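Chain residues, written in single-letter form:
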Amino acid sequence: MKNICYCLALLLISCSSPQKALENQNYSKAFRKSLKKVKSKKATSRDKKILMESLRQLLAQNDREIEIRESGIPPKDWVDALKYIEDSQEKIRKAAPYTRFDFTEIDSKLADKETKITKNIYGFYLRGGNQNLDESKRTGEKFKAQKAFEFFNNAKRYTNDTRQLDQLMAECVRFGKVIYSINSDAPFGLSWEVDRAFSNFERESNHFLEVNFDRIMSNADCDINLDFRDFDIGYGQRTVENRQFQEEVEAGFRTERDTSGNEIRIPLYETVYGQVRVEELSKIAVGEIWVNVYANNQNCPLRDTRIENEVVNVVERHTITGDRRAIPNNYDDSFQDELMQDDDIAEELIDLLYQEISNYIF
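Since this is a predicted model, take the numbers as computed values, not measurements.

**Concerning the layout of surface pockets**
- The calculated volume of the largest pocket comes to roughly 390 Å³.
- As for the largest pocket, its lining consists of 15 residues, and the residues nearest its centre are Leu-59, Ala-60, Asp-63, Ile-106 and Lys-109.
- Residue composition of the lining of the largest pocket, by class: nine nonpolar, no polar and six charged.
- Along the walls of the second largest pocket sit Val-38, Lys-41, Ala-43, Ser-45, Lys-48, Lys-49, Met-52, Tyr-98, Thr-99, Arg-100 and Phe-101, which together make up its complete lining.
- A per-element tally of the lining of the second largest pocket places helix H4 (residues 45-70) first, with four residues.

**A few points about helix H5 (residues 76-95)**
- Taking 1.5 Å per residue as the helical rise, H5 with its 20 residues ought to reach 28 Å, and the 29 Å between its terminal C-alpha atoms agrees with that figure.
- Looking at H5, one finds that the buried residues are Asp-77, Trp-78, Val-79, Asp-80, Ala-81, Leu-82, Ile-85, Ser-88, Lys-91, Ile-92 and Ala-95.
- Where H5 is buried, its residues touch helix H3 (27-39), H4 and helix H6 (104-139).

**Some words on the environment of Tyr-269**
- Position of Tyr-269 among the secondary structure elements: in strand E6 (residues 263-295).
- Each C-alpha atom of the pair Tyr-269 and Ser-34 lies 80 Å from the other, and the pair is 235 residues apart in sequence.
- Ignoring sequence-local partners within four residues, the contact set of Tyr-269 consists of Glu-248, Val-249, Glu-250 and Ala-251.

Calculation rules
- Residues numbered from 1 in each chain as written.
- Predicted model: local features only at pLDDT ≥ 70, side-chain atom pairs only at ≥ 80, totals over all residues.
- Heavy atoms only, no water.
- 1 Å grid on protein atoms, 1.4 Å probe; cavity = no way out; pocket = protein on both sides within 12 Å on 5 of 7 lines; lining within 4 Å.
- Points joined across faces, edges and corners; volume = space filled by probe spheres on them.
- Nonpolar A, V, L, I, M, F, W, Y, C, P; charged D, E, K, R; others polar.
- Helix = DSSP H or I, 4+ residues; strand = E, 2+ residues; numbered from the N terminus.
- Expected span 1.5 Å × (residues − 1).
- Buried < 20%, exposed > 50% of the residue type's maximum accessible area, 1.4 Å probe, protein only.
- Contact = heavy atoms within 4.5 Å.

Below is the structure:
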């Protein structure tokens, strides 16, 4: 049995060896395992040869992938080509300290290829940005300037000198900012609450969006009117339910003597009964807003819509009769919640409607 286990162990070691991986053309595995051996200073000359051969094969594979992607679809294929270049450079960096091979020429070729592809990617994004920015200036289409901004921002990843791009991106912001003018017709008596919540719209302003609330704007791309319909606040259906409970409780004790003559107490139990009258009250507030959008030009992406929501406030009132010892602890008639006041429930409804409209507009 020991001999069999020993042979199996040798077989497993052999199957997982750098040599076996190389024979199976699993060059990544051969490279990893042989590199691990040479790092541990337990490598044979054969292991070092395997390291070089697996590296040679991996570099050749990467070269083929780089060539294919360099002539592929920009910029995605070009970016992928850079990843293969980086992989080759990383493998050379790991293996170089443990070989006598001079990688200078290979490193130089990879660096030249990296520079060329990087310039191509930079040029692709720069041209795309300029084309979109020029079209925005010519047509007044602000979303073209926003798209140009994305091109220029991508280009910045492929150059060390970003001064020109920063200037172009500033132009994109100037030509690409969309202006919203939002006004509201609040329900009677709720103007303050609506202004409190909906003035937060202005916080949504950013590089490409200027939001104005309850201001007169002559240059707005979108005039948005929030037409509040009167809130409907009323009581829901009242329900009443009687719930019966019973519990075994200790009601005293009797005494006995055990076999040693000691006096012991034996508890006595009785069943007690109680009832809880559960009254459920509710108040419902329903709100509706018509969002009317007036597009002043091609830069307004919004359309008319209708937003509605509701707030339901529910409280329970408990009336306990019978033996309180039978009643679970979650029932209490010493303190009763009150339904929300109309102003409070309306304020909560306004906050919900604000969030829904904000999600639609932005």
